[in-house]
Amino acid sequence: MSASRRSGTTDEIGPPEPERDGSDLLAALLDGMDAALCAFDADGVVTHWNREAERVLGWTAAEAVGRRGLSGWAVRRGDAAEVEGRLLTAMHAQGRQVHEFALVTKDGGRVLVRVQSAAVRGADGKPAGLYCAFSEVHAQIDLERSIALSEALFEDAAWGVVLVDADLRPAVVNAHAAQALGSGRTSLLGRPLGDLLTQGVEELEGALAHVLAEGPPPTPTDLWVSVRLPGGDTRRCWRSGFVRLSSPLAEEPVPLGVAWLFQDVTESKQTEQDAAQLRFRVNQLHRAARAAAECEDPAEAVSVQLDFSLAGFADNAVLDLVVGDPASGAPPREDSPDGTPVRLVRALATPSGTPGPSLDRYRTALPARYAAAHPALQSVERTSSVRASAPTGAPERAPEWAAARQWPEDTVHALCSVLRSRGRTLGVVTFLRAGSRPQFERMDATYAESIASRIAAALDLAGIGTAPPRT
C-alpha cells in the first residue's frame, strides 16, 4: 500500500477501503453460532436475534428485535409471567441459569427448549441486560447422550476402545484397552503400534488405513496379534470393529481418525481351531486306514500311513527301525548283558524340498549315525514321545542343528514317537517342521502316537523290524 493510502488521502488507485464496522462483525458472529441466541436490555426489550433463533422459531430478526418481552408472540400469554420471571432472575444472579420451557413458533406450534441465560453487565458492573442461548431439548439430549456414551466407552466398557489418529497412533485409550496392551493409558498415546505389538501390526495398520481411505468393513474382523509385555510376548486374538471419525464442522467429510473397538476372543477362537483340527485329523486317520486297507503289501501300507499323516501336520517325516532282537520287549541298551547298544536304521523318508511319496529304504543295512542324545534314540529308550526345537536365540544356527541330527536343513521343530507292537519296540517315526510352522504341542504328540501305533501294526504284519534287515 502506498504512503498516501496509509495517510488516508486518495490516489489514482482509488479511495481507501472502508473499515468493517464492529456491529457487522458482531452480527456475523451471532449469525454463525450453532445455538439460537437472543438478548434483552434492562427493560426486557429484545436487542439481538440470530439466524438459528429464526430457524427454530420462525420469527425473523426484524420481527423480534424491538419487542418488549416474549409474551403474545414467542410465549403463550398464560405462560409469559412465569417464563419472563425465570429469565429476569438471571439478570441479578451470579453465573448462568438453565431452564426448560416451551416457546411458540411463528406458525403456532410449540417447541420445548433448554435455555442458558446470564446477565450482561455494564461498565459500572450493574446489570445492563441478559442474553439467552437456547436449543431444542431433543437436540440437547442427543448431544448429552453422545457425551455420556463417549465417557462410558472410555471408562466402563468391557471391551477395548482406542481412538487412532490419521498417523495411525493412539490418541485416546480406555482402561480395558490399556490393560490388554500391557501399559498405562497415557503412556500409550502417540506411540507407533509397532512398539506395542510384535506380530500382527501390519494387518492392524492395513485395516486402519483401509478404514481411513474407504470406510469400515461390514463385519468385525478377527486379528491375531502378539502383544509385547514385560514378562514376554503373548499371542491373542482380538475381534475388532472399526469406525471412521469425521469432523462434523467441515463442509466436506474430513477424517479425524479411526475408532478401534476390540474384544479378546482368544479362548473361544482357540477352542474352535482345536475342534476343527481334531475333526480334520480324525478324518485323515480314517482316510489313511481306508487307503492302507487296499494295500496288498503291509510295507506299502506303512508308506501310505506316513504320507497321509503329513497333511496339515508336518513338512517331512522319517522312519527308523531298531536293529537287534526285539523279543525282550525293549530295544537293546548299552547296559544290556551282551553290551549291544541301540541302533536305528533309516527305513522310510519323505522327500525333502519337493513333494512326493515316501522313499523306501527297507533294504539298507547301515545304521544311522545318531549321537547319543539324539531325540529318536531318546524316544526309543523312553518308549514315549520326545519333542525338540532348534535354539530360538540363534536362528542362523538352525541348519547346523538340523544337519547334526541328519534332518533336512530347513528343520526347526521335531517330534519323535516310538513304534510299539505286541509289547515290542520296532522303531521310531520322526515328524519335522520348518520355521514357518509352530513348534509341536502336546496335542500334536497325541496325534503322532496314534499314527505311530498304526504304522507299528503294519510293520509287525509285514515282519519288518522283527529280524535283521534284509540284504
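Residues numbered from 1 in each chain as written. Predicted model: local features only at pLDDT ≥ 70, side-chain atom pairs only at ≥ 80, totals over all residues. Heavy atoms only, no water.

**A few points about the confidence of the model for the protein chain**
Averaged over every residue, the pLDDT of the protein chain is 82; the share at 70 or more is 84%. The element-level mean pLDDT for the protein chain is lowest in helix α1 (residues 3-7), coming to 37, with strand β16 (residues 411-421) highest at 95. Taken as a whole, residues 325-339 scores under 50 in pLDDT and shows 30 contacts with residues more than four places along the chain or in a different chain. (pLDDT = per-residue confidence, 0-100. Helix = DSSP H or I, 4+ residues; strand = E, 2+ residues; numbered from the N terminus. Contact = heavy atoms within 4.5 Å.)

**Here's the deal with the environment of Val-162**
Checked against the element boundaries, Val-162 lands in strand β6 (residues 160-165). Sequence spacing of Val-162 and Leu-189 is 27 residues, and the spatial spacing of their C-alpha atoms is 9.8 Å. Apart from residues no more than four positions distant in its own chain, Val-162 is found in contact with Pro-170, Val-172, Val-173, Ala-177, Val-258, Ala-259, Trp-260 and Phe-262.

**Quick word on the packing of helix α9 (residues 266-293) against helix α10 (residues 298-309)**
Viewed as axis vectors pointing N to C, α9 and α10 meet at an angle of 160°, and their least axial separation amounts to 9 Å. It follows that α9 is roughly antiparallel to α10 by the angle criterion. Of the two elements, α9 crosses α10, and the hand of that crossing is right-handed. For the pair α9 and α10, the contacting residues are Gln-284, Arg-287, Ala-288, Ala-289, Ala-291 and Ala-292 in the first and Ala-301, Val-304, Gln-305 and Phe-308 in the second. (Axes fitted to C-alpha atoms, helices over the stretch in contact; angles between N-to-C directions. Parallel < 35°, antiparallel > 145°, perpendicular 65-115°, else oblique. Left-handed = near helix turned anticlockwise from the far one by under 90°.)

**What about the pairing of strand β1 (residues 36-41)?**
For β1, a buried count of five out of six residues is recorded, marking the element as mostly surrounded by other parts of the structure. As paired strands, β1 and strand β5 (residues 127-136) are joined by six bridges and run antiparallel to one another. Along β5, the bridge assignment pairs Leu-37 with Ala-133. Taking the residues between adjacent antiparallel strands as the criterion, β1 and strand β2 (residues 46-49) are bridged by four residues, where Gly-44 takes a positive phi near 85°. (Buried < 20%, exposed > 50% of the residue type's maximum accessible area, 1.4 Å probe, protein only. Pairing = 2+ DSSP bridges.)

**Some words on the packing of aromatic side chains**
Tallied over the entire structure, the rule returns nine aromatic pairs. Here the aromatic cluster, defined as three or more aromatic residues joined through ring pairs, consists of Phe-313, Phe-431, Phe-440 and Tyr-447. We note Arg-433 situated over the ring of Phe-313; from NZ or CZ to the ring centre the distance is 5.5 Å. In this structure, Arg-433 packs its charged tip against the face of Phe-440, placed 4.0 Å from the ring centre. (Phe/Tyr/Trp six-rings, centres within 6.5 Å; stacked < 30°, edge-to-face > 60°. Lys NZ or Arg CZ within 6 Å of the ring centre and 35° of its normal.)

**Let's talk about helix α13 (residues 442-462)**
With 21 residues, α13 should cover 30 Å at 1.5 Å per step; its first-to-last C-alpha distance of 30 Å lies within 8% of that length. Among all positions of α13, only Asp-444, Ala-445, Tyr-447, Ala-448, Ile-451, Ala-452, Ile-455, Ala-456, Ala-458, Leu-459 and Asp-460 are buried. At its buried positions, α13 is contacted by α9, α10, β12 (316-323), β16 and β17 (424-434). Gly-463 sits one or two positions beyond α13 and adopts a positive phi of about 75°. (Expected span 1.5 Å × (residues − 1).)

**Details of the state of the cysteines**
Among covalent bonds in proteins, the disulfide is the one between the sulfur atoms of two cysteines. Under the criterion given, the structure shown has zero disulfides. Cys-132 provides the cysteine sulfur closest to Cys-38, a residue in no disulfide bond, and the two sulfurs are 4.6 Å apart. We classify Cys-38 as buried; its relative accessible area is 4%. (Disulfide = S-S within 2.5 Å.)

**What about the sheet that holds strand β4 (residues 110-121)?**
The five strands lie next to each other as β2-β1-β5-β4-β3, forming an open sheet whose pairing is antiparallel. Edge positions in the sheet fall to β2 and β3 (97-104), since each of these pairs with one other strand and no more. Ignoring strand direction, the axes of neighbouring strands in this sheet form an average angle of 30°. Of the strand pairs in this sheet, β1 and β2 are connected by three bridges, and their pairing is antiparallel. Residue pairing for β2: Cys-38 is matched across the bridge by Trp-49. Each of β3, β4 and β5 touches helix α6 (residues 137-155); the most contacted strand, β5, lies at about 75° to it.

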